[in-house]
Amino acid sequence: MKIGAVALQSPFAIAPMAGMTDTAFRRLVKRHGGCGLVVTEMVSSEGLVRGIDRTLEYAEYTEEERPISIQIFGGDPEKMAAAAQIVEGMGADIVDVNMGCPVPKIAKHNAGCSLMREPEQAVAVIAAMTKAVKIPVTVKMRAGWNDSERNATRLARMVEDAGAAAVTVHGRTAAQSYSGSADWNLVAEVADCLSIPVFGSGDCVEPEHVVDRMGLGVEGVLVGRGVLRNPWILAQAADLSAGRPVRTVTAEDRAQFLLDYIDLLLHERVRDDAVAVGHDKWVINKLRALCSYYTKGFDNGSHLRLKINSVVSLSELREAVTEFFLADVSPV
Ligand SMILES: Cc1cc2nc3c(=O)[nH]c(=O)nc-3n(C[C@H](O)[C@H](O)[C@H](O)COP(=O)(O)O)c2cc1C
């Protein structure tokens, strides 16, 4: 399948997740196979335009992640167009617009999901961006703002007319945040109404879910929390859809994934010795965040979470991971 001129080897992708889908994590998932597209954590258009270091770090990627989509947020058409040009200049394959974030800090600035409440503004943003860059501009939205404003189908048509090359719908409203369940009937309705590719997102935590959703007429599926729980889920979905036996994941594999993640993170963002001092702490915090998902479905998963919450060094962190997976636990 293709988004604009960008070919994807697999219709399964890692959903953007702020704080979680950094370049190290994306690389590891990609290396396990089945992943056709990765999307960065959301990046502020304002921060990009102003050249803020922190913002630029969120947009970092490596060649092995291609095709790569950088997701930006903002509500000002001119600034979003300028940010899209920066993203294009950084060599990204796709620029994605966040129209789904329900967090007030983002939404109150006319960005994220609040753009769904102002369809004309959303269209102006997409029109300005598609005029400014040659790479495909895509949109990720929710079902709508709340139950009385479920306008994904209408807005998706509007952004398609404004030049968007693909749309992803997470079938929850902003008011739902992450409660309840994603409405895949709505996702299917959007897919039915558009001629550009439509991706669905929400609640795929088993490879079977990912493959089953493809039967609803979407061109692809973005998996979020399911990848954090099981980074092999996209590879397993690819196995399933190709009729191959689904690969098994051992406790050793799960331990190795975390150890590899620690190693990759150690080499990220270290520019000088002063940064390096706080860097170990940053790596430990990243592992804490991932393990709150990664240990779900494991007997005694809370033991690892508690242990990681109390470690103070990388050696303790590695030891906690090794002990947990290689001595302590059996998958449910
Ligand atoms: C921790 C976290 C961070 C997220 N950050 C983003 C983001 O930066 N941009 C975005 O479009 N969606 C974001 N999402 C939404 C996901 O991309 C996805 O659409 C949603 O979680 C539903 O899919 P899932 O059930 O597979 O997780 C985030 C979700 C989570 C759980």
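Structure shown above.
Reference entry: report on the structure contained in this document.

### Let's talk about the site of the ligand
If you check the shell around the ligand, you find 17 residues, and the closest are Pro-16, Gln-71, Ser-201, Asp-203 and Arg-225. Separating a nitrogen atom of the ligand from a side-chain N or O atom of Gln-71 is a distance of 2.7 Å. Here an oxygen atom of the ligand sits 2.7 Å away from a polar atom, N or O, in the main chain of Asp-203. Relative to its unbound accessible surface of 610 Å², the ligand loses 90% to contact with the protein. Placement of the ligand is best described as lying within the largest pocket.

### Remarks on the packing of helix α7 (residues 152–161) against helix α8 (residues 184–193)
The geometry of α7 relative to α8 is characterised by a closest axis approach of 9 Å and an angle of 30 degrees between their N-to-C directions. By the angle between their axes, α7 is roughly parallel relative to α8. Both α7 and α8 take part in a crossing whose hand is right-handed. The segment α7 lies against α8, with Ala-152, Thr-153, Ala-156, Arg-157 and Glu-160 engaging Leu-186, Glu-189, Val-190 and Cys-193. Partitioned by chemical class, the residues of the contact of α7 with α8 number five nonpolar, one polar and three charged.

### So, the layout of surface pockets
The calculated volume of the largest pocket comes to roughly 1,000 Å³. In terms of lining residues, the largest pocket is bounded by 44 residues, among which Pro-16, Ala-18, Asn-98, Cys-101 and Tyr-178 are the most central. If you tally residues by element for the lining of the largest pocket, the top one is helix α10 (residues 225–229), at four residues. Across the lining of the largest pocket, the residue classes break down as 19 nonpolar, 13 polar and twelve charged.

### Some words on the side chain of Lys-286
Checked against the element boundaries, Lys-286 lands in helix α13 (residues 273–294). Residue contacts for Lys-286: discarding those within four places in its chain leaves Gly-19, Met-20, Asp-22, Tyr-261 and Leu-265.

### Focus: the pattern of salt bridges
This model, assessed by the stated rule, comprises 17 salt bridges. The partner of Arg-150 in a salt bridge is Asp-147, with the nearest N and O atoms 3.2 Å apart. Salt-bridge contacts for Asp-203 lead to Arg-172; the nearest nitrogen and oxygen are separated by 2.7 Å. Here Asp-203 is found in the loop between β10 (198–201) and α9 (207–214), whereas its partner Arg-172 is found in strand β9 (residues 166–173), with 31 residues between them in sequence. Accessibility expressed as a relative area gives 27% for Asp-203, which makes it partly exposed. A residue is classified by how much of its surface remains accessible, and Arg-172, at 2% relative accessible area, is buried. Linked by salt bridges that have partners in common, Arg-26, Arg-27, Glu-65 and Glu-268 make up one network.

### Regarding the pairing of strand β8 (residues 137–144)
Counted residue by residue, β8 has eight buried out of eight residues, so it is predominantly covered. Two elements, strand β7 (residues 94–99) and β8, share five bridges in a ladder whose sense is parallel. When the sheet's bridge partners are listed, Asp-96 is paired in β8 with Thr-138. Where β8 lies against β9, six bridges are found, and the strand directions are parallel. Note that in β9 the partner of Arg-142 across the bridge is His-170. Regarding the hand of the β-α-β motif, the stretch spanning β8, α7 and β9 is right-handed.

### Focus: empty space enclosed by the protein
Counted according to the given criterion, the structure contains two cavities of 30 Å³ or more. One number sums up the size of the largest cavity: a volume of about 100 Å³. Forming the walls of the largest cavity are 14 residues, and the residues nearest its centre are Leu-37, Asp-96, Thr-138, Thr-168 and Leu-222.

### Comments concerning the pairing of β10
A two-sided burial pattern is seen for β10, the buried positions comprising Val-198 and Gly-200 on one face and Phe-199 and Ser-201 on the other. Here β9 runs beside β10; their pairing, made up of four bridges, is parallel. Looking at β10, one finds that Thr-168 is bridged to Phe-199. Across three bridges, β10 lies against strand β11 (residues 220–223) in parallel orientation. Note on β11: the bridge partner recorded for Phe-199 is Gly-220. Tracing the backbone out of β10, into α9 and back to the parallel element β11 gives a crossover that is right-handed.

### Looking at the packing of aromatic side chains
Enumeration according to the criterion identifies seven aromatic pairs in this entry. Both rings, one in Phe-324 and one in Phe-325, keep their centres 4.8 Å apart while their planes meet at 90 degrees; by these two values the pair is edge-to-face. Each member of the pair Phe-324 and Phe-325 is classed as buried. Through pairs of rings, three or more aromatic residues link up here, namely Phe-25, Trp-232, Phe-257, Tyr-261, Tyr-294, Phe-298, Phe-324 and Phe-325. Just above the ring of Tyr-178 sits the side chain of Arg-142; from NZ or CZ to the centre is 5.1 Å.

Rules used throughout
- Residues numbered from 1 in each chain as written.
- Predicted model: local features only at pLDDT ≥ 70, side-chain atom pairs only at ≥ 80, totals over all residues.
- Heavy atoms only, no water.
- Near = heavy atom within 4 Å.
- Polar contact = N/O pair within 3.5 Å; in protein donor to acceptor, adjacent residues only side chain to side chain.
- Areas by Shrake-Rupley, 256 points an atom, 1.4 Å probe, with all protein chains shown as cover.
- 1 Å grid on protein atoms, 1.4 Å probe; cavity = no way out; pocket = protein on both sides within 12 Å on 5 of 7 lines; lining within 4 Å.
- Sits in = over half its atoms within 2 Å of the grid points.
- Axes fitted to C-alpha atoms, helices over the stretch in contact; angles between N-to-C directions.
- Helix = DSSP H or I, 4+ residues; strand = E, 2+ residues; numbered from the N terminus.
- Parallel < 35°, antiparallel > 145°, perpendicular 65-115°, else oblique.
- Left-handed = near helix turned anticlockwise from the far one by under 90°.
- Contact = heavy atoms within 4.5 Å.
- Nonpolar A, V, L, I, M, F, W, Y, C, P; charged D, E, K, R; others polar.
- Points joined across faces, edges and corners; volume = space filled by probe spheres on them.
- Salt bridge = Lys/Arg side-chain N within 4 Å of Asp/Glu carboxyl O.
- Buried < 20%, exposed > 50% of the residue type's maximum accessible area, 1.4 Å probe, protein only.
- Pairing = 2+ DSSP bridges.
- Right-handed = clockwise from strand over helix to strand, strands pointing away.
- Phe/Tyr/Trp six-rings, centres within 6.5 Å; stacked < 30°, edge-to-face > 60°.
- Lys NZ or Arg CZ within 6 Å of the ring centre and 35° of its normal.

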